[in-house]
Amino acid sequence: TPYSTMGARPAARSIWNLLPALLIGIMGARAEGIPLLTWDGASTSAHDCYTVDDPVMGGGSTSSFGVSHHDGIWQGEVRVVSFLREPGFCTMRTKDGSFPDATGTSALELRIASATGLTNFALNVGVRHVTSDQTVYQAKFTLNTSEGGKSIIRVPWSAFRLTFRGREIQGPPLEDHLSAISRLGLSTSGTSGKFILALEGFYAYQEL
């Protein structure tokens, strides 16, 4: 069952099966980590990002991604899919590529400069020779946007589950493949409405 400390709430149940995830959310102070995806100009963590939304499956949700002042800005609106009568989805993701080896680290850390609107999201990780466009390691989290300001979300690698279109399937643990990360991203998780996330970056975190 997800839990939180300072800055995140337990993830809400969505139209997909709720994945068991261990969530640690920390507001404020930065922590050291290996940069995996940033928009500060560093070549080792620079990757092209794009969005995929539910119109690919008949929905009407839309989102866009851009870069402003070294932050990745992901914004959009999740709409209810009329024939399902349930919220659709928006996603942002990197193109497949090579990332720094995260072996020996304990968690994926997402640093957020600001957030408004929706609060339920999921972190998504792809690895070479295991995942595909529709198969991805996923862990859900819930932001507490009422507190404002910067926030850091840390999700242990062990909390990620291999999923196919949001549903858990059998597969090897993500922590066995941290040297083969090929894609990172975010997705909305089971609620409709508008959102804006200003992202500082994704990092591989190691507890001291």
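What counts, and at which threshold
- Residues numbered from 1 in each chain as written.
- Predicted model: local features only at pLDDT ≥ 70, side-chain atom pairs only at ≥ 80, totals over all residues.
- Heavy atoms only, no water.
- Helix = DSSP H or I, 4+ residues; strand = E, 2+ residues; numbered from the N terminus.
- Buried < 20%, exposed > 50% of the residue type's maximum accessible area, 1.4 Å probe, protein only.
- Contact = heavy atoms within 4.5 Å.
- Areas by Shrake-Rupley, 256 points an atom, 1.4 Å probe, with all protein chains shown as cover.
- Salt bridge = Lys/Arg side-chain N within 4 Å of Asp/Glu carboxyl O.
- pLDDT = per-residue confidence, 0-100.

Bringing the overall build of the protein chain into the picture now. Along its length, the protein chain carries zero helices and 17 strands. Sorting the 208 residues of the protein chain into buried and exposed places 52% on the buried side. For the protein chain, contacts bridging at least 24 residues in sequence account for 74% of all contacts bridging at least 6. As presented, the protein chain carries roughly 9,500 Å² of accessible surface, and 52% of it is formed by carbon and sulfur atoms.

Looking now at the pattern of salt bridges. A side chain of one charge can pair with a side chain of the opposite charge if their charged atoms are brought near each other. All told, the structure shown has five salt bridges when counted by the stated rule. Two residues, E109 and R111, come together in a salt bridge whose shortest N-O distance is 2.6 Å. For the pair E109 and R111, a shared accessibility class is recorded, and that class is buried. A salt bridge links E200 to K150, with the shortest nitrogen-to-oxygen separation between them at 3.4 Å.

A word on the confidence of the model for the protein chain. Predicted confidence across the protein chain gives a mean pLDDT of 85, with 83% of residues reaching 70 or more. Confidence, read as mean pLDDT per element, is least for strand β2 (residues 24-27) in the protein chain (39) and greatest for strand β6 (residues 71-78) (98). Low pLDDT, under 50, characterises residues 1-31; the stretch is placed with 104 contacts to residues that sit more than four places away or in other chains.

With that out of the way, let us pick up unusual backbone geometry. A positive phi angle is found at H69, which is not glycine, with a value near 50 degrees. Judged by its relative accessible area of 74%, H69 falls in the exposed class. With a phi angle near 50 degrees, R165 is a residue other than glycine that sits in the positive phi range. Structurally, R165 is set in the loop between β14 (161-164) and β15 (167-168). For R165, a relative accessible area of 49% puts it in the partly exposed group.

To continue, consider the side chain of T135. Looking at the element boundaries, T135 is found in strand β12 (residues 135-143). Of the residues examined, T135 reaches a relative accessible area of 11% and is grouped as buried. Ignoring sequence-local partners within four residues, the contact set of T135 consists of V130, L162, T163, F164, I169 and R183.

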